[in-house]
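If you want the building blocks of each chain, they are given just below.
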Amino acid sequence: MFSREFYEILHIIGIALMFVAIGGVAVHAANGGRKGESSTRKLVSIGHGIGALLVLVGGFGMLARIGMQHGAGFPTWLWIKIAIWLVLSAVVLIPYRKPALARPFFILLPLLAGVAVYMALYKPLV
Ligand code: HEM
């Protein structure tokens, strides 16, 4: 049985890993790099995947620790966080396909992270 704090550390390491990976792909693509040319492709995709998994394990671990019951419906703030997790899982595919979108990532993705943290802290729309 792990503590809430332990799950939060996993959650944050996962978030950091996902953003490092997405940022790496975005910078490479914005500089004209192509997927096949990247010598760090494997490292980046494994990092992004493990990051996504840690965000989930940490997030659901914390939910159990803060008293969410099995079978209870998810509140809206949580659905929004799950949607953000899905977006962060998918957007890593975009920069090589649409390099013009790689630059806006540097504004949009931190804002999305801000929304996720807002949901965790204020839990609006219960
Ligand atoms: C499946 C996706 C996710 C789930 C299930 C989830 C769940 C949770 C839960 C239950 C908490 C603790 C809330 C509390 O203690 O009252 C939390 C905290 C947090 N989440 Fe998430 N989360 C998810 C995705 C994300 C994403 C994508 C981000 C950022 C990009 C994020 C950032 C944070 C941060 C920074 C905290 C710490 C807030 C604090 O307690 O000080 N989460 N999350």
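The rules we used
- Residues numbered from 1 in each chain as written.
- Predicted model: local features only at pLDDT ≥ 70, side-chain atom pairs only at ≥ 80, totals over all residues.
- Helix = DSSP H or I, 4+ residues; strand = E, 2+ residues; numbered from the N terminus.
- Buried ≥ 20, exposed ≤ 12 C-beta atoms within 10 Å, placed from the backbone.
- Near = placed C-beta within 6 Å.
- Nonpolar A, V, L, I, M, F, W, Y, C, P; charged D, E, K, R; others polar.
- Core = buried A, V, L, I, M, F, W, Y, C linked by C-beta atoms within 7 Å.
- Contact = placed C-beta atoms within 7 Å.
- Axes fitted to C-alpha atoms, helices over the stretch in contact; angles between N-to-C directions.
- Parallel < 35°, antiparallel > 145°, perpendicular 65-115°, else oblique.
- Left-handed = near helix turned anticlockwise from the far one by under 90°.
- Expected span 1.5 Å × (residues − 1).
- Arc of directions from axis to C-beta.

**Some remarks on the overall build of the chain**
A count of helical and extended segments in the chain gives five helices and zero strands. When the elements of the chain are put in sequence order from the N terminus, they spell out α-α-α-α-α. Dimensions of the chain, computed from the C-alpha atoms along their principal axes, are close to 50 × 30 × 20 Å. Here the chain holds 126 residues, and 23% of them are scored as buried.

**Quick look at the site of the ligand**
Around the ligand, 21 residues are found, and the nearest of them are Gly59, Trp85, Ala113, Ala116 and Ala120. Elements that contribute at least two residues to the shell around the ligand include exactly helix 1 (4–30), helix 2 (41–65), helix 3 (76–90) and helix 5 (105–122). Along the lines of polarity and charge, the residues of the shell around the ligand split into 17 nonpolar, two polar and two charged.

**A word on the nonpolar core**
Counting residues in hydrophobic clusters, the biggest one holds 17 residues, and the most contacted among them are Met18, Ala21, Ile22, Val25, Ala26 and Val55. If you tally residues by element for this core, the top one is helix 1, at ten residues. If we skip the residues at most four places from it in the chain, Met18 touches His48, Gly51, Ala52, Val55 and Leu88.

**Considering the packing of helix 3 against helix 5**
Contact geometry of helix 3 with helix 5 gives a least axis separation of 9 Å together with a crossing angle of 155°. It follows that helix 3 is roughly antiparallel to helix 5 by the angle criterion. The hand of the helix 3/helix 5 crossing is left-handed. Packed against helix 3, whose contacting residues are Trp77, Ile80, Lys81, Ile84 and Val87, the element helix 5 presents Leu112, Val115, Ala116, Met119 and Ala120 at the interface. Considering only residue class, the contact of helix 3 with helix 5 consists of nine nonpolar, no polar and one charged.

**Some remarks on unusual backbone geometry**
Of note, the phi angle at Lys123 is positive, near 45°, even though the residue is not glycine. Structurally, Lys123 can be placed in the segment after helix 5. Judged by C-beta crowding, with 12 C-beta atoms within 10 Å, Lys123 ranks as exposed.

**Comments concerning helix 5**
In a regular helix each residue adds 1.5 Å, so 18 residues correspond to 26 Å; helix 5 covers 25 Å between its end C-alpha atoms and thus fits that length. Every buried residue of helix 5 is listed here: Phe105, Ala116 and Met119. The buried residues of helix 5 occupy one face: seen down the axis, they fall within an arc of 60°. Away from the buried face of helix 5 by more than 90 degrees, exposed residues Phe106, Ile107, Pro110, Leu111, Gly114, Leu121 and Tyr122 are located. Elements that come into contact with the buried residues of helix 5 comprise helix 1 and helix 3. Count one or two residues on from helix 5 and you reach Lys123, which has phi positive near 45°.

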